[in-house]
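Residues per chain are reported as follows:
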Amino acid sequence: PTTLPVVKDVCGNVIPAPEPVEGGTYTDCEGTKTYTYTYKDCSGLQYVWTYTYTIDRTTAPTQDGEVATSSTVQCIADATAPTTLPVVKDVCGKTLTAPTPVEGGTYTDCEGTKTYTYTYEDCAGLEYEWTYTYTIKRTTAPAEVGGPVAKSSTVECAAAATAPTTLPVVKDVCGNTIPAPEPEVGGTYTDCEGTKTYTYTYKD
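This one's a predicted model, so the numbers in the text were calculated from it and none came from an experiment.

How do you make sense of the sheet that holds strand S3 (residues 46-55) when you look at a structure like this?
The strands that make up a sheet are held in pairs by hydrogen bonds between backbone atoms, and each pair lies either parallel or antiparallel. With antiparallel pairing, the three strands of this open sheet are ordered in space as S1-S2-S3. Of all the strands in the sheet, the pair left with one neighbour each is strand S1 (21-23) and S3. Neighbour-to-neighbour, the strand axes of the sheet open up by a mean angle of 20°, direction not taken into account. Inspection of the sheet shows strand S2 (residues 31-40) paired to S3 by 10 bridges, in the antiparallel sense. Across the sheet, Tyr-39 pairs through a bridge with Tyr-47, a residue of S3.

Shown next, in the form of structure tokens:
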């Protein structure tokens, strides 16, 4: 403390302030810290004066500076834990270590959200929660991969115009192979000439 008592001996002489003895119950980040001054007069008689601090955390940790809290990806495999986390400090300025995140979100099948929630806790148990959110949204259509396969041929009889046995390999944007659907049969065939088509619509 900067303001100390004025202590006098029985004869009215002001006794200079002594060096304090530090004490208290402080551990981790809460408790008390005391400064005890033992004033002595010339005959060794004493006056003891103690100043007590109570250290009690009431302010939660806060984020220092801004970092991104969301992004959009097409594949769940790309929704990994963020590499850039906020700097979170307790009320005394100590940087808190990033905790292990809790994963959540609304992701089902191939779209939705995936979240990573970090709950920073100071030594008094006060918390700061930070969440990073991925939006998983498909915008790229499936595509044929590998070498192209034949898409046409000529036959003499309609009975020979059967569904093709060699189909393309089609994958979604995340690399998953899409099973071949049932084809839609069409064409211009009448009587004995024309075309017969088999159209396959692959959906992710």
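Sorry, what's going on with the layout of surface pockets here?
Take a probe with the size of a water molecule and roll it over the atoms, and the empty space left behind shows itself. Roughly 940 Å³ of internal volume is contained in the largest pocket. Residue lining of the largest pocket: 33 residues in total, with Lys-151, Ser-152, Ser-153, Lys-196 and Tyr-198 positioned closest to the centre. With three residues, the single largest contributor to the lining of the largest pocket is strand S13 (residues 197-199). Residue composition of the lining of the largest pocket, grouped by class: 18 nonpolar, 10 polar and five charged.

What should I look at first to understand the packing of aromatic side chains in this one?
Each aromatic ring pair is characterised by the separation of its centres together with the angle its planes make. This structure, assessed with the given rule, holds nine aromatic pairs. Plain terms: the ring middles of Trp-49 and Tyr-51 are 6.2 Å apart, the flat faces sit at 45° to each other, and that makes the pair tilted. Between Tyr-51 and Tyr-53, the ring centres sit 5.1 Å apart and the planes meet at 65°, which makes this aromatic pair edge-to-face. Among the residues examined, Tyr-51 registers a relative accessible area of 31% and is labelled partly exposed. Among the aromatic residues, those joined into a ring-pair cluster are Tyr-35, Tyr-37, Trp-49, Tyr-51 and Tyr-53.

Looking at this structure, how should I read the state of the cysteines?
Note on terminology: disulfide describes a covalent bond linking the sulfur atoms of two cysteines. Using the criterion set out here, one finds two disulfides in the structure. For the chain, the bonded cysteines pair up as 1-3, 2-4 when numbered in the order they occur along the sequence. There is no disulfide at Cys-92, and the cysteine sulfur nearest it, in Cys-123, is 7.3 Å away. Not part of a disulfide, Cys-157 finds its nearest cysteine sulfur in Cys-192, a span of 9.5 Å.

Help me understand the pairing of S2, please; the structure alone is not making it clear to me.
Sheet faces and side chains relate simply in a regular strand, where the side chains alternate between the two faces. Pairing between S1 and S2: three bridges, direction antiparallel. Paired with Gly-23 across the two strands is Thr-34, which belongs to S2. In textbook terms, the turn of a hairpin is the stretch between consecutive antiparallel strands, and for S2 and S3 this stretch comprises five residues, one of which, Gly-44, has a positive phi near 90°.

What's the story with unusual backbone geometry in this structure? I'm lost.
You will see that Asp-28, though not glycine, has its phi angle at about 60°, which is positive. Take Asp-28: it is sitting in the loop between S1 and S2. The backbone of Asp-191 sits at a positive phi, close to 60°, despite the residue not being glycine. Turning to its location among the elements, Asp-191 is positioned in the loop between strand S12 (184-186) and S13.

Rules of the game
Residues numbered from 1 in each chain as written. Predicted model: local features only at pLDDT ≥ 70, side-chain atom pairs only at ≥ 80, totals over all residues. Heavy atoms only, no water. Pairing = 2+ DSSP bridges. Helix = DSSP H or I, 4+ residues; strand = E, 2+ residues; numbered from the N terminus. Axes fitted to C-alpha atoms, helices over the stretch in contact; angles between N-to-C directions. 1 Å grid on protein atoms, 1.4 Å probe; cavity = no way out; pocket = protein on both sides within 12 Å on 5 of 7 lines; lining within 4 Å. Points joined across faces, edges and corners; volume = space filled by probe spheres on them. Nonpolar A, V, L, I, M, F, W, Y, C, P; charged D, E, K, R; others polar. Phe/Tyr/Trp six-rings, centres within 6.5 Å; stacked < 30°, edge-to-face > 60°. Buried < 20%, exposed > 50% of the residue type's maximum accessible area, 1.4 Å probe, protein only. Disulfide = S-S within 2.5 Å.

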